[in-house]
Amino acid sequence: MADLGLPRHARLLRRADFAALRAASARCATPCFAVEYRPSAAALARLGIAVSRRVSKHAVVRNRIRRVIRESFRLNRAALPALDLLVVARARAAAADNAALRAELAALWRRLAAALNETSAPGTMRAGS
RNA sequence: CGAGCCGGCCAGACAGUCGCGACGUGCGCGAGCACGCCGAGGAAAGUCCGGGCUCCACAGGGCAGGGUGCCAGGUAACGCCUGGGCGGCGCAAGCCGACGGAAAGUGCAACAGAGAACAGACCGCCGAUGGCCCGCGAGGGAUCAGGCAAGGGUGAAACGGUGCGGCAAGAGCGCACCGCGCGCGGGGCCAACGCCGCGCGGCACGGCAAACCCCACCCGGAGCAAGACCACAUAGGGGAGCGAUGGCUUAGCCCUGAGCCGCUCCCGGGUAGGUCGCUAGAGCCUGGCGGCGACGCCAGGCCGAGAGGAAUGACUGUCCACGACAGAACCCGGCUUACCGGCCGGCUCACCUU
């Protein structure tokens with residue numbers, strides 16, 4: 001039950017968090033999304049979302065993308081390593097439907113977990129666990 | 001039943017699963033948990049107007065600048081709404097209109113056309129009058145001077161229309177009627193207006209003021225990251241007192257007034273960290289009364305998002321008329337723009353039946 005919730009401590013809430021993430025982060029991208037990430041100070045994955053007006057000038061479209069990202073993160077966050085993530089929507093996301101966005105995000109989470117396990121040594125990961 | 005006009009309302013429904021935010025209650029030292037309840041729109045949009053609220057030391061006057069523009073109401077206010085007038089469109093119900101002033105001044109008018117503003121003569125008409133020619137003469141002829149603006153033609157627009165008289169031909173040149181203008185009286189509860197009556201004037205005063213302009217009325221500036229408070233590094237911050245000159249002072253300039261820069265003393269302080277502002281309001285519903293109406297007054301009832309790295313969602317299933325435009329960010333009143341469709345009421349026209 002707790003695995004599927006999205007409490008506040010699993011989100012990036014402060015300006016400072018975003019600034020720190022931007023200062024030092026690794027990147028990873030798919031057609032609709034770009035992700036910046038770094039090891040989290042907390043013991044679990046935390047999410048930040050950025051959907052700018054450049055993606056779509058319509059608030060309804062931006063809200064839809066934001067909600068799909070939130071929902072996908074909520075359902076998958078238990079399987080993710082302890083990272084601070086900033087998911088940035090790209091312009092192509094506005095044209096994709098929800099199912100496509102979900103599929104892409106699911107792939108993204110898998111890639112993120114795998115990439116982290118092999119490249120950055122297990123040593124850096126230990127901070128969370 | 002068909003075509004159409006006006007007004008009001010709705011904006012997929014239901015079930016299950018997993019979530020998010022506010023509030024209330026309970027539990028917990030606490031992060032939080034449980035239960036209950038609520039959780040986008042008619043346009044939340046564009047940010048085009050008008051207010052409330054807040055701060056800018058700031059009050060008054062003048063100029064500049066901006067806005068509005070038939071009249072009267074409504075309103076907190078408006079560029080909005082209602083009613084009326086005028087003009088245009090429609091058979092009609094109805095709809096649309098920046099709709100003050102061109103006898104203050106300046107300016108503009110492409111193309112066409114002879115001529116575009118106190119105009120003009122291309123075609124045309126006349127040639128009475130003075131010449132010319134013919135004729136003995138009465139008279140006749142052409143058109144030089146000249147006269148004309150009726151007809152043709154151009155144009156978005158050509159300096160009233162019809163008829164009669166008049167004339168060489170014509171012309172408001174004269175007259176009748178129509179039109180127009182001015183004045184007075186009535187009407188319109190006031191007004192815009194020009195419906196009616198009377199009198200005067202042969203008739204001018206052409207168009208454009210979303211060209212300058214004139215007239216009337218209105219208008220400080222910035223905006224909730226406004227602004228207030230609390231907790232935390234060095235003050236350039238704040239308060240009080242004293243002040244001649246000079247300088248400076250949030251819309252642009254000037255004037256008056258006021259304040260600041262200086263000195264002394266005192267308090268403490270920037271900053272998207274947190275809290276407040278933050279939703280109970282020009283509020284909504286029902287009824288009554290006044291008003292043609294917009295709306296106002298009175299009584300009773302109701303509480304209908306409040307986030308802030310930013311909630312109001314996602315998935316699955318079933319059904320149908322297969323779901324448009326679109327997401328609150330301080331709050332209201334409007335306007336404008338976008339939009340799949342559906343429901344209700346009133347009205348108009350056409351046709352059919354009786």
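Residues numbered from 1 in each chain as written. Chains lettered and ligands numbered in written order. Predicted model: local features only at pLDDT ≥ 70, side-chain atom pairs only at ≥ 80, totals over all residues. Heavy atoms only, no water.

As for the overall build of chain A
When helices and strands are tallied, chain A shows four helices and four strands. Listing every helix and strand of chain A by position from the N terminus yields α-β-β-β-α-β-α-α. The long-range share in chain A, meaning contacts at least 24 apart out of those at least 6 apart in sequence, stands at 80%. Put simply, chain A shows about 7600 Å² of open surface, and 55% of that area lies on carbon and sulfur atoms. (Helix = DSSP H or I, 4+ residues; strand = E, 2+ residues; numbered from the N terminus. Contact = heavy atoms within 4.5 Å. Areas by Shrake-Rupley, 256 points an atom, 1.4 Å probe, with all protein chains shown as cover.)

Digging into the environment of Glu-36
Here Glu-36 lies in strand S2 (residues 33–39). On the basis of relative accessible area, Glu-36 is assigned to the buried category, the value being 8%. Between the C-alpha atom of Glu-36 and that of Ser-25, which follows or precedes it by eleven residues, the distance is 5.8 Å. Residues in contact with Glu-36, not counting those within four places in the same chain, are Leu-21, Arg-22, Ser-25, Ala-26, Arg-27, Asp-84, Leu-85 and Leu-86. There is a polar contact of 3.3 Å between the side chain of Glu-36 and the side chain of Arg-27. (Buried < 20%, exposed > 50% of the residue type's maximum accessible area, 1.4 Å probe, protein only. Polar contact = N/O pair within 3.5 Å; in protein donor to acceptor, adjacent residues only side chain to side chain.)

Digging into the side chain of Glu-104
Counting through the fold element by element, Glu-104 comes out in helix H3 (residues 98–118). The buried charged residue Glu-104 lacks any salt bridge partner; its closest oppositely charged side chain belongs to Arg-92, at an N-O distance of 7.0 Å. Leave out the neighbours within four places in its chain, and Glu-104 touches Thr-30, Pro-31, Cys-32 and Phe-33. (Lys, Arg positive; Asp, Glu negative; His and termini not counted. Salt bridge = Lys/Arg side-chain N within 4 Å of Asp/Glu carboxyl O.)

Quick notes on the sheet that holds strand S3 (residues 46–50)
Consider a sheet: its strands pair through backbone hydrogen bonds, and that pairing is either parallel or antiparallel. Reading across the sheet, the four strands line up as S1-S2-S4-S3 and stay open at both edges, with mixed pairing between neighbours. Strand pairing shows two members of the sheet lacking a second neighbour, strand S1 (26–29) and S3, which therefore form its edges. The mean inter-strand angle of the sheet, taken between neighbouring strand axes irrespective of direction, is 20°. Here S1 pairs with S2 via four bridges, running antiparallel. Paired with Ala-26 across the bridge in S2 is Tyr-37. Along the sheet, helix H2 (residues 59–76) contacts S2, S3 and strand S4 (83–89); its crossing angle with S3, the most-contacted strand, is approximately 165°. (Pairing = 2+ DSSP bridges. Axes fitted to C-alpha atoms, helices over the stretch in contact; angles between N-to-C directions.)

Focus on the packing of aromatic side chains
Centre distance and the angle of the planes are the two values used to describe a pair of aromatic rings. Per the stated rule, a full pass over the model turns up one aromatic pair. With 6.0 Å between their ring centres and 65° between their planes, Phe-73 and Trp-109 make a pair best called edge-to-face. Residue Phe-73 is located in helix H2, and its partner Trp-109 is located in helix H3; the two are separated by 36 residues in the primary sequence. Judged by its relative accessible area of 0%, Phe-73 is buried. Of the residues examined, Trp-109 reaches a relative accessible area of 4% and is grouped as buried. (Phe/Tyr/Trp six-rings, centres within 6.5 Å; stacked < 30°, edge-to-face > 60°.)

Describing the pattern of salt bridges
Opposite charge on two side chains allows them to pair when their charged atoms are near. Tallied over the full model, the rule gives three salt bridges. Measuring nitrogen to oxygen at the nearest pair gives 3.3 Å for the salt bridge that ties Arg-27 to Glu-36. Take Arg-27: its relative accessible area is 58%, and that puts it in the exposed class.

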